[in-house]
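Each chain, written out:
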Amino acid sequence: MTPPVEIAPARGRVGVLLVGLGAVSTTTIAGALAIRKGIASPIGSLTQMGTIRLGKRSEGRSPKIKEMVPLTSLDDLVFGGWDIFEEDCYAAARTAGVLDASLLTQVRPELEAIRPMPAVFDQKYVRRLDGPNVKKGKNKRDLAEQVIADIRTFKQEQGCDRLVMVWCGSTEVYLKQGPAHASIAAFEQALERSDESIPSSMIYTYAALREGIPYANAAPNLSADVPAMLELAARTKAPVAGKDLKTGQTLIKTIIAPGLKARLLGVEGWYSTNILGNRDGEVLDDPESFKTKEESKKSVLDYIFQPHLYPGLYDDLCHVVRINYYPPRGDNKEGWDNIDLVGWLGYRMQLKINFLCRDSILAAPIVLDTALFLDLAKRAGMSGIQEWLSFYFKSPMHAPEVYPEHDLFIQLMKLKNTLRYMKGEELITHLGREYYD
Ligand SMILES: NC(=O)c1ccc[n+]([C@@H]2O[C@H](COP(=O)([O-])OP(=O)(O)OC[C@H]3O[C@@H](n4cnc5c(N)ncnc54)[C@H](O)[C@@H]3O)[C@@H](O)[C@H]2O)c1
């Protein structure tokens with residue numbers, strides 16, 4: 001079959017610009033450097049380890065995803081970014097405390113060479129943080145132009161052919177879409193008057209999209225998912241994805257919940273609590289930042305269970321999510337879930353999950369995959385919302401007329417079918433009648 005889209009080759013270097021060089025970013029960068037040196041393994045990354053079945057089961061064709069579609073090689077990635085702290089990536093990785101000193105030492109010179117560019121930051125949007133490495137500007141428009149200048153300089157100095165930007169900054173306070181986000185024209189006027197409804201994250205989004213650079217949001221705050229940014233992405237042909245990486249407790253939720261629903265087991269209650277001691281946990285200790293996170297975490301079950309279609313099974317679900325900042329644990333989050341189930345004839349059961357996870361270890365392969373897949377989408381001429389990347393996010397971006405898909409297994413099928421579609425391969429329906437007719 002002739003492929004419906006033409007994919008430009010993955011030639012040259014790709015600059016991965018990360019906003020916020022904290023735990024997630026430094027774990028991603030140090031990991032990619034260590035993997036490319038052959039001293040660590042890319043566990044958890046679909047682009048590096050995943051395979052994809054092509055054609056019929058009887059054909060036995062299951063190449064690696066990176067052999068099936070032209071993905072940029074890890075050797076061709078160059079990392080850079082912004083932060084409000086001045087520490088280089090090695091020092092930031094030591095502060096984050098995720099990776100062992102023995103691994104970091106082996107990539108130390110490369111990490112030390114990555115120094116954060118001064119950030120666009122306003123404490124109004126992240127109240128628990130303050131740092132010295134911050135840009136000054138006459139208004140928000142001026143700040144956006146400074147970010148654009150940073151992007152261009154980075155591209156030129158690093159000899160990059162293409163760029164990708166991922167917001168890995170702290171979760172900002174809860175904001176709702178407003179008139180300033182309604183169109184590019186309204187947004188640009190709002191930048192000029194430094195309108196309060198434009199948080200720092202959106203200034204980076206605007207800068208990336210103005211440059212036609214693919215953009216993803218690893219955090220739950222509003223950034224690319226407003227009409228103005230989508231209009232800009234369409235104009236500059238930039239693919240976008242988000243938001244809020246699906247790691248830890250929500251990952252487990254979107255694995256377990258579709259299974260319970262598949263067997264039509266009712267769920268009366270789902271109580272989730274966490275302890276987390278890293279800087280992200282500290283920021284989320286502020287109720288306004290937590291509200292942004294809570295909205296993102298809570299919507300998942302409503303969409304998976306579809307209570308309107310299953311009266312009596314999920315319509316009275318009591319879903320509670322808590323995060324408690326507890327410094328001794330650092331990045332090693334501990335999550336507890338108690339699920340109150342209802343089975344045959346209304347008999348009650350309980351399921352308890354205790355997940356001792358490492359947040360940034362789960363997040364890093366997602367940042368890498370998202371960056372590589374967005375670069376692929378850009379080369380394939382696919383712009384705007386990339387719903388096939390929902391697999392990676394807690395609050396997947398979606399078209400206004402459809403609900404977001406949260407079921408991890410449907411999301412994976414969507415992702416793989418998109419890759420098959422891009423290469424003109426047959427989509428897999430799992431019908432399989434031909435073996436029995
Ligand atoms: N780790 C996970 O599993 C996970 C999952 C989903 C979402 N997230 C989100 O990803 C983000 C990063 O998480 P993390 O654990 O790396 O947090 P972190 O606190 O270690 O790092 C965030 C960094 O962003 C910087 N920052 C904040 N505002 C900035 C701005 N305006 N410009 C530039 N830098 C800025 C901070 O100084 C900090 O260094 C958070 O919003 C978090 O909620 C993380």
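Note that the structure is a prediction, hence the values are computed from the model and not measured.

Further remarks concern the overall build of the protein chain. Looking only at helices and strands, the protein chain has 15 helices and 11 strands in total. Over its C-alpha trace the protein chain gives a radius of gyration of 22 Å, about what one expects of a compact globule, namely 22 Å for 437 residues. With the C-alpha coordinates of the protein chain rotated into their principal frame, the extents come out at 65 × 50 × 50 Å. By the burial criterion, 56% of the 437 residues in the protein chain qualify as buried. Considering only contacts within the protein chain whose residues lie at least 6 apart along the sequence, 76% involve residues at least 24 apart. As displayed, the protein chain offers around 19100 Å² of accessible surface, 52% of which is attributable to carbon and sulfur atoms. Of the charged side chains in the protein chain, 53 are positive and 54 negative, and the gap between their average positions amounts to 3 Å.

Secondary-structure assignment places R210 in helix α9 (residues 200-210). Separated by 160 residues in the primary sequence, R210 and G50 have C-alpha atoms spaced 33 Å apart. In contact with R210, other than residues within four places in its own chain, are R141, E145, I148, L232 and T236.

With that settled, the discussion passes to the sheet that holds strand β9 (residues 334-342). Overall, mixed pairing links the 4 strands, which are arranged β8-β7-β9-β10 in an open sheet. Edge positions in the open sheet fall to β8 (318-325) and β10 (348-356), since each of these has one partner strand only. Each strand axis lies, on average, 10 degrees off the axis of its neighbour in the sheet, ignoring direction. Across 9 bridges, the pairing between strand β7 (residues 266-276) and β9 is antiparallel. Paired with G266 across the strands is V342, a residue of β9. Contacts from helix α13 (residues 287-305) reach β7 and β8, with the element oriented near 150 degrees to β8.

About the cut-offs
Residues numbered from 1 in each chain as written. Predicted model: local features only at pLDDT ≥ 70, side-chain atom pairs only at ≥ 80, totals over all residues. Heavy atoms only, no water. Helix = DSSP H or I, 4+ residues; strand = E, 2+ residues; numbered from the N terminus. Rg over C-alpha atoms; globule rule 2.2 N^0.38 Å. Buried < 20%, exposed > 50% of the residue type's maximum accessible area, 1.4 Å probe, protein only. Contact = heavy atoms within 4.5 Å. Areas by Shrake-Rupley, 256 points an atom, 1.4 Å probe, with all protein chains shown as cover. Lys, Arg positive; Asp, Glu negative; His and termini not counted. Charge placed at Lys NZ, Arg CZ, Asp CG, Glu CD. Pairing = 2+ DSSP bridges. Axes fitted to C-alpha atoms, helices over the stretch in contact; angles between N-to-C directions.

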